[in-house]
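Report on the structure
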Amino acid sequence: MSLIPSDTIAAITTPPGRGGIGIVRVSGKDLSALIFGVTGQKTLPPRQAVFTTFYDAQQRALDQGLALFFAAPHSYTGEDVLELHGHGGMAVMRALLERCLELGARLAQPGEFTRRAFLNDKLDLAQAEAVADLIDAATSTSARAAARSLSGAFSAEVQRLVEALIETRMHVEASLDFPEEDLDSVLDPQVAARIAPLTAAIDALLARARAGALLREGLTVVLIGAPNVGKSSLLNRLAREEAAIVTPIAGTTRDTIERQIALGGIPLTIVDTAGLRDTDDAIEKIGIARTWAAIERADLALFLTDAQHVQEATLPATDAAILARLPEAMPRILVCNKSDLLPAPTAIAPTLVNTVRALRAVSLSAKTGAGLDALEDAVLDAVGVAHLTEDTFLARARHLEALQQTRGALIAATQELATPAPALELAAEQLRLAQEALAAITGAFSADDLLGVIFSRFCIGK
């Protein structure tokens, strides 16, 4: 871990552009000289908004606004923090920032205020990441999940498991430190009995973390099928707008069309694609090539076919050819569209579902909207987040990897203890690795280069 910086940083914390209010934030060890240089006042009462004039180096007024001072350690960064709330024009904000730089501050790097909060133990690393996730949240559900992570809910669960791991390690270390007591035969079953519920708890936390990762990162869902099967109509229905042109003419869609929607709180990117078929049209060929490229990078495919095949329990050659080219591991949902043209509701034949190798099958009408709710439920079921709970937290790929490493180490420790001649030294090492991997989530074991990567992705001023 690097030493806590001692210099003063400053940045404009509000987005660029015109606005009623703009804020310049400053953080450092002692801001008394800077406060006097900007406001002309020797001191500011902590945590009180003071109306004042902001001055340049020649004591000319730059602006009038509110000065808010937060004395260390009772501030966001744990240092003295000054916020200057002025009028939100970029010229005014730049002038205020330049004045702070003249008085000894330097321009803050992206995420540097939050990094100082982490280094000063105001936030752990998972909470610090939640700050950026809350700012970037695409849906109200993901915003609430980020707020739970910021409040420390995720960190508290991780810490509880870390403490249980430490206690388990103590039992193993006792046997290694006092071999003359011949404790192995007693401790082996006790350690194994302790690891089992730990592994189960990690599995449960990992499942919730995967749901949280979907909330943060979202999914890309691609609509595929033969021409004129209703992909564009379904896109319009899901997006609740006329995003794509719909005509009875096959091959109307020549390029991919994307729309962002929220489904059950999960941000989704829906990609409409050109109908897949053999064609001599040069432009349509380009669109079809882009369709296959979109399929390669998608998380889930909605395979559309005509609802008439529900009764026939077969697929036409064009659909079969598309299926043959789909990536083997691509998760897919069978969507039998145009159900409004059937004389009566008809169940989808299981043989048809098996042919498509679909996770789910839905019959709907993109024209009328009938069956759309069932499709939305099927999508959430397919990705494993049909029912997000109130205790869902946002998670990152880093968190998932750490939990998986923890799980792997616990399983390895269990296997060491299950051998005819248990190797407690090897089990102890696996438990140590499990603790380090788990504690890395909150930043107990974090290299400087990892912190640099994490905080560099924050916005400037936060």
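Residues numbered from 1 in each chain as written. Predicted model: local features only at pLDDT ≥ 70, side-chain atom pairs only at ≥ 80, totals over all residues. Heavy atoms only, no water.

What to know about the pairing of strand E5 (residues 80-88)
On any regular strand, side chains alternate: one points to one face of the sheet, the next to the other face. Operational definition: Here the term buried applies to any residue with accessible area under 20% of the maximum for its type, exposed to any over 50%, and partly exposed to those in between, with areas from a 1.4 Å probe on protein chains only. Secondary structure elements follow DSSP: runs of H or I of four or more residues count as helices, runs of E of two or more count as strands, with numbering from the N terminus. Between any two strands, at least two bridges found by DSSP are needed for them to pair.
For E5, the tally of buried residues reaches eight of nine residues, placing the bulk of the element in the interior. As judged from the eight bridges shared by strand E2 (residues 19-28) and E5, these two strands associate in the antiparallel manner. Bridge pairing links Gly19 to Gly88 in E5. In this structure, strand E4 (residues 61-70) lies alongside E5, joined through five bridges in antiparallel fashion. By the bridge assignment for E5, Leu66 is matched with His85.

Structural notes on the sheet that holds E5
Sheet strands pair via backbone hydrogen bonds, and the direction of the pair is either parallel or antiparallel. Across the sheet, which stays open at both edges, the six strands sit in the order E3-E4-E5-E2-E1-E6 with mixed pairing between neighbours. Of all the strands in the sheet, the pair left with one neighbour each is strand E3 (49-55) and strand E6 (106-107). Bridging between strand E1 (residues 9-12) and E2 involves four bridges; their strand directions are antiparallel. Looking at the pairing, Ala11 lines up with Arg25 of E2.

Quick notes on the confidence of the model for the chain
Where we set the bar: Within a predicted model, pLDDT stands for the predictor's per-residue confidence, ranging from 0 to 100. Any two residues whose heavy atoms approach within 4.5 Å at even a single point are treated as in contact.
On average, the chain scores 82 in pLDDT, and the residues at 70 or more come to 86%. The low-confidence segment residues 243-247 (pLDDT under 50) makes 17 contacts with residues lying over four places distant or belonging to another chain.

Some points on the pattern of salt bridges
So the rule is basically this: A carboxyl oxygen of Asp or Glu within 4 Å of a side-chain nitrogen of Lys or Arg is what we treat as a salt bridge.
Counted by the stated rule, this structure contains 17 salt bridges. For Arg25, the salt bridge goes to Glu83, with nearest N and O atoms at 3.2 Å. Separated by 58 residues along the polypeptide, Arg25 in strand E2 and Glu83 in strand E5 bring together distant segments of the chain. Glu83 matches Arg25 in its accessibility class, with the two residues each being buried. For Arg106, the salt bridge identified is with Glu112, shortest N-O distance 2.4 Å. In this structure Arg106 comes out as partly exposed when scored by relative accessible area, which is 30%. Through salt bridges with shared partners, one network takes in Asp7, Glu79, Arg106, Glu112 and Arg116.

Let's talk about unusual backbone geometry
Outside of glycine, negative phi angles account for most residues, and trans bonds account for most peptide bonds. Cis geometry marks the peptide bond from Ala72 to Pro73; its omega dihedral reads 0 degrees. Positive phi is not limited to glycine here, since Gln59 has a value of about 60 degrees. Within the secondary structure, Gln59 sits in the loop between E3 and E4. Residue classification places Gln59 among the partly exposed positions, given a relative accessible area of 47%. Positive phi is not limited to glycine here, since Lys338 has a value of about 70 degrees. Note on placement: Lys338 falls in the loop between strand E11 (332-337) and helix H12 (350-356). Accessibility expressed as a relative area gives 22% for Lys338, which makes it partly exposed.

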